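These are the residues of each chain, in order.
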Amino acid sequence: MKPVRVATLLWMLLLVLRLGAARMGSPEEDSFYYGTFPFGFSWGVGSSAYQTEGAWDQDGKGPSIWDAFTHSGKGKVLGNETADVACDGYHKVQEDITLLRELHINHYRFSLSWPRLLPTGVRAEKVNKKGMKFYSDLIDALLSSNITPIVTLHHWDLPQLLQVKYGGWQNVSMASYFRDYANLCFEAFGDRVKHWITFSDPRAMAEKGYETGHHAPGLKLPGTGLYKAAHHIIKAHAQAWHSYNTTWRSKQQGLVGISLNCDWGEPLDISNPKDIEAAERYLQFCLGWFANPIYAGDYPQVMKDYIGRKSAEQGLEMSRLPVFSPPEKSYIKGTSDFLGLGHFTTRYITERNYPSRQGPSYQNDRDLIELVDPNWPDLGSKWLHSVPWGFRRLLNFAQTQYGNPPIYVMENGASQKFHCTQLCDEWRIQYLKGYINEMLKAIKDGANIKGYTSWSLLDKFEWEKGYSDRYGFYYVEFNDRNKPRYPKASVQYYKKIIIASGFPNPREVESWHQKALETCSINNQMLAAEPLLSHMQMVTEIVVPTVCSFCVLIAAVLLMLLLRRQN
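Please read all numbers here as calculations on a predicted model, not as lab measurements.

Definitions and limits used
- Residues numbered from 1 in each chain as written.
- Predicted model: local features only at pLDDT ≥ 70, side-chain atom pairs only at ≥ 80, totals over all residues.
- Heavy atoms only, no water.
- Helix = DSSP H or I, 4+ residues; strand = E, 2+ residues; numbered from the N terminus.
- Buried < 20%, exposed > 50% of the residue type's maximum accessible area, 1.4 Å probe, protein only.
- Contact = heavy atoms within 4.5 Å.
- Areas by Shrake-Rupley, 256 points an atom, 1.4 Å probe, with all protein chains shown as cover.
- 1 Å grid on protein atoms, 1.4 Å probe; cavity = no way out; pocket = protein on both sides within 12 Å on 5 of 7 lines; lining within 4 Å.
- Points joined across faces, edges and corners; volume = space filled by probe spheres on them.
- Nonpolar A, V, L, I, M, F, W, Y, C, P; charged D, E, K, R; others polar.
- Pairing = 2+ DSSP bridges.
- Axes fitted to C-alpha atoms, helices over the stretch in contact; angles between N-to-C directions.
- UniProt positions renumbered as here; feature names shortened; annotations may be inferred.
- Polar contact = N/O pair within 3.5 Å; in protein donor to acceptor, adjacent residues only side chain to side chain.
- Core = buried A, V, L, I, M, F, W, Y, C linked by side-chain atoms within 4.5 Å.
- Disulfide = S-S within 2.5 Å.
- Left-handed = near helix turned anticlockwise from the far one by under 90°.
- Salt bridge = Lys/Arg side-chain N within 4 Å of Asp/Glu carboxyl O.
- Patch = residues over 30% accessible without salt bridge, like charges linked within 9 Å, V, L, I, M, F, W, Y side chains within 5 Å.
- Phe/Tyr/Trp six-rings, centres within 6.5 Å; stacked < 30°, edge-to-face > 60°.
- Lys NZ or Arg CZ within 6 Å of the ring centre and 35° of its normal.

K.L.:
What exactly am I supposed to notice about the overall build of the protein chain here?
P.N.:
A tally of regular secondary structure across the protein chain gives 19 helices and 15 strands. Counting across all 567 residues of the protein chain, residues that qualify as buried make up 57%. Within the protein chain, contacts between residues at least 6 apart in sequence are counted, and of these 77% link residues at least 24 apart. For the protein chain, the accessible surface area stands at approximately 24000 Å², while carbon and sulfur atoms represent 57% of it.

K.L.:
Explain the layout of surface pockets here, please?
P.N.:
In this approach a probe as big as a water molecule rolls over the atoms, and the regions it shows empty are the leftover space. The volume enclosed by the largest pocket comes to roughly 980 Å³. Lining the largest pocket we find 35 residues, and of these R203, A204, K208, D263 and W383 sit closest to its centre. With four residues, the single largest contributor to the lining of the largest pocket is helix α9 (residues 202-210). A breakdown of the residues in the lining of the largest pocket according to their chemical character gives 13 nonpolar, nine polar and 13 charged.

K.L.:
Hey, could you run me through the sheet that holds strand β7 (residues 264-267) in this one?
P.N.:
Strands belonging to one sheet form pairs held by backbone hydrogen bonds; the direction of such a pair is parallel or antiparallel. The strand order across the open sheet built from three strands is β7-β9-β10, with neighbouring strands paired in mixed fashion. Both edges of this open sheet fall to β7 and β10 (368-371), since each of them pairs with a single strand only. Shown here is a sheet whose adjacent strand axes are inclined to one another by a mean of 40°, direction ignored. Packed on one face of the sheet, helix α11 (residues 273-296) meets β7, β9 (346-351) and β10 and runs near 125° to β9. The strands touched by helix α15 (residues 388-401) within the sheet are β7 and β9, with β7 carrying the most contacts at an inclination of about 100°.

K.L.:
Can you walk me through the UniProt feature "active site" (unreviewed entry) in the protein chain in this structure?
P.N.:
Following the UniProt record, the feature "active site" (unreviewed entry) maps to E411 here. Mapped onto the elements, E411 comes out in strand β11 (residues 407-411). Filtering out sequence-adjacent residues up to four positions away, E411 remains in contact with R109, H155, S200, N261, L341, G342, H343, F344, T453 and W455. A distance of 3.4 Å separates polar atoms of two side chains, one belonging to E411 and the other to S200.

K.L.:
Would you mind going over the nonpolar core with me for this structure?
P.N.:
The tendency in soluble globular proteins is for nonpolar side chains to be buried as a group. Core analysis: the largest hydrophobic core is formed by 153 residues, its most contacted members being L112, W169, W196, M439 and Y494. For this core, the leading source of residues is helix α10 (residues 225-252), giving 12 residues. Setting aside anything within four residues of it in sequence, one finds M439 in contact with F37, F41, W43, F391, L395, V409, I449 and Y452. Of all hydrophobic cores here, the second largest spans five residues; its members include I197, F338, Y408 and M410.

K.L.:
Hey, could you run me through the state of the cysteines in this one?
P.N.:
A covalent bond bridging the sulfur atoms of two cysteines is what the word disulfide describes. The tally for this structure, following the rule as stated, stands at one disulfide. The disulfide partner of C262 is C286, and the gap between their sulfur atoms is 2.3 Å. One end of the pair, C262, is in the loop between β6 (255-261) and β7; the other, C286, is in helix α11, and 24 residues separate them in sequence.

K.L.:
Is there a simple way to explain the packing of α15 against helix α16 (residues 426-445) in this structure?
P.N.:
Pairs of packed helices are described in terms of their axes, by the angle between the two and the distance that separates them. Contact geometry for α15 and α16: axes closest at 8 Å, N-to-C directions at 30°. Relative to α16, α15 is oriented so that their crossing is right-handed. Residue-level inspection shows P388, W389, F391, R392, L395 and N396 of α15 in contact with α16, the latter providing G434, Y435, E438, M439, K441, A442 and D445. Residues of the contact of α15 with α16, tallied by class, amount to seven nonpolar, two polar and four charged.

K.L.:
Just to check I follow, could you spell out the sheet that holds strand β8 (residues 339-342) for this structure?
P.N.:
Sheet architecture is closed into a barrel: eight strands sit in the order β2-β3-β4-β5-β6-β8-β11-β12, paired in parallel fashion. Each adjacent strand pair in this sheet contributes to an overall mean axis angle of 25°, direction not counted. One ladder, built from four bridges, connects β8 with β11; its direction is parallel. Within β11, the residue paired with G340 across the bridge is Y408. Set on the sheet, helix α6 (residues 129-144) makes contact with β3 (107-111) and β4 (148-154); between it and β3 the angle comes to about 170°.

K.L.:
Help me understand the side chain of T70, please; the structure alone is not making it clear to me.
P.N.:
Secondary-structure assignment places T70 in helix α3 (residues 65-71). Beyond its immediate sequence surroundings of up to four residues, T70 is in contact with Y50, V77, E81, T82 and F461.

K.L.:
Honestly, the pattern of salt bridges in this entry has me stumped. Any pointers?
P.N.:
Pairing of side chains with opposite charge becomes possible as their charged atoms draw close. Counting across every chain of the model gives 31 salt bridges. Among the salt bridges present, the one from K235 reaches E328, with a minimum N-O distance of 3.0 Å. With K235 in helix α10 and E328 in helix α13 (residues 326-332), the pair connects residues that are 93 residues apart, well separated along the chain. Looking at K235, the relative accessible area reads 18%, which means it is buried. Judged by relative accessible area, which is 25%, E328 ranks as partly exposed. The partner of D469 in a salt bridge is K465, with the nearest N and O atoms 3.6 Å apart. Classification of K465 as partly exposed rests on a relative accessible area of 27%. Overlapping salt bridges, with partners in common, bring together K92, E95, D96 and R485 in one network.

K.L.:
Any chance you could explain a nonpolar patch on the surface here in plain terms?
P.N.:
A surface patch of nonpolar side chains, amounting to about 450 Å² of accessible area, comprises L553, I554, V557, L558 and L561. Position of L558 relative to the elements: it lies in helix α19 (residues 530-566).

K.L.:
What exactly am I supposed to notice about the environment of K444 here?
P.N.:
In this structure, K444 sits in helix α16. The exposed category is assigned to K444, whose relative accessible area is 57%. When the C-alpha atoms of K444 and P38 are compared, they prove to be 9.9 Å apart, with 406 residues separating the residues in sequence.

K.L.:
Explanation requested: the packing of aromatic side chains in the structure shown.
P.N.:
How two aromatic rings sit relative to each other is set out by the distance from centre to centre and by the angle between their planes. On inspection of all chains with the given rule, the structure shows 48 aromatic pairs. An angle of 40° between the planes, with centres 5.1 Å apart, marks the rings of W289 and F290 as tilted. In this structure, W289 and F290 share a single accessibility class: buried. Each ring, one from W289 and one from Y362, has its centre 5.4 Å from the other, and the planes form 25°; the classification is stacked. In this pair, W289 is assigned in helix α11 and Y362 in helix α14 (residues 362-366), connecting sequence segments 73 residues apart. By the burial criterion, W289 is buried, and Y362 matches it. Here a set of aromatic residues connected by ring pairs shows up, and it is made of Y50, W66, F69, W156, F461, W463, Y467 and F478. The ring of Y306 carries the charged tip of R309 above its face, separated from the ring centre by 5.1 Å. Lying over the aromatic face of F32, K433 brings its terminal NZ or CZ to 5.0 Å of the ring centre.

As structure tokens, then:
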């Protein structure tokens, strides 16, 4: 074994031992808090266009970067899966709205497909009327069911032609193309949509699309590509907000914000100033990267310092982190009517110095390492552990860091624990209970939280993981061409939280848990019967018509023979 490898393993072993020692007084969850959410608090679920709609080339839709990425056939997605059909949501709008009504939600967060509305990505070239009608009808159907639409303009599915012609988010021209696209949506749907999200989790879009290459468009531009993409995304967000503020706000009275995902970073050793600084740095590189320009006008100082220093050590004349001009800082600052937050889990953070000679990268720029406590509940996905107390801390951090903005939780949820088809998702019930309760505590602390969106309505295409991870309240049988949906136990539990708008008392909350699990056997029986039903459907749709056609053919032959004999 190489000496470097041995040193790394020894270093990791020391960290694990240190984790056990340093966290003797680790944060414990406070006792469960029974109470209700403020009047008018909005409950919802979410989805995104590319992950659920399917119909990738139907009714005039243009290709997206994810269509190109998944169709490349180079093993970029687990199992070489695509979202060509996904949940077939494009053809199942009424069915899915029935599920939303069943959940008793107040709002539904979904995204518009930019290439479905503008096949080339450019408004001046072509607007797809069928795409416009699809989303207009969806919005009307939601409103007729008393469900508020919360609409995301861009959830990662950039029109492929903009990537091919201009290099996608590496090119600043994307900002003006995005503004034109946003204006089209404001004009067409803004009379009915009052909550807009410009971008969903742009950090992952930039890092995985332009740094690691794990997401579309699959570019590997370490230490540069993600910062340039983020710079242009922030400018695009600001242009869309100003466009709404100048042209549409007085007529439509809506809100425009952005949704930023971030895990909580807890210092590994709360008595070590370097770990405390590293945890703060983790949050600034994660949440502050986008939130600070929007709320304060510029990147966090720690990002400018660290990336600037490492760039100089690497022999570069300028920092790899782009710079906003003074007019740009003024233009970007204040461009959010609310802060959307996505959150799933927590990490312990400790300092680690990465030599600049290792080369530029986002990970090396931060000079830290992320750890998990082996005692945290493992939900199946390698990155996702249930750590509810971190949610409260992140909400309070955002509240104090950005001047008490109205906060909408836009993503929070748990994936399926095992690769199975069981619908008794008790781990998701425990996750919901813990995280929603910590959110209630954050409101009690003073955080101005207006709504909560659980992720997600359906099992769906999960990017590079294909269909291996299932986040949905409803199980989707992807092997059936009809993509039937089946409710999991968590549907009943979440519905009870929504109806009560919180946790009234211990006895009632415990009864929710029991009743939710009682539904499992019935739902699992339905799911188990699905192969038989599919077989019967195949018999009905294929075998029966074939036999009938064969009988008609025989009858025709016999009739011809009979006529010949008579002649």
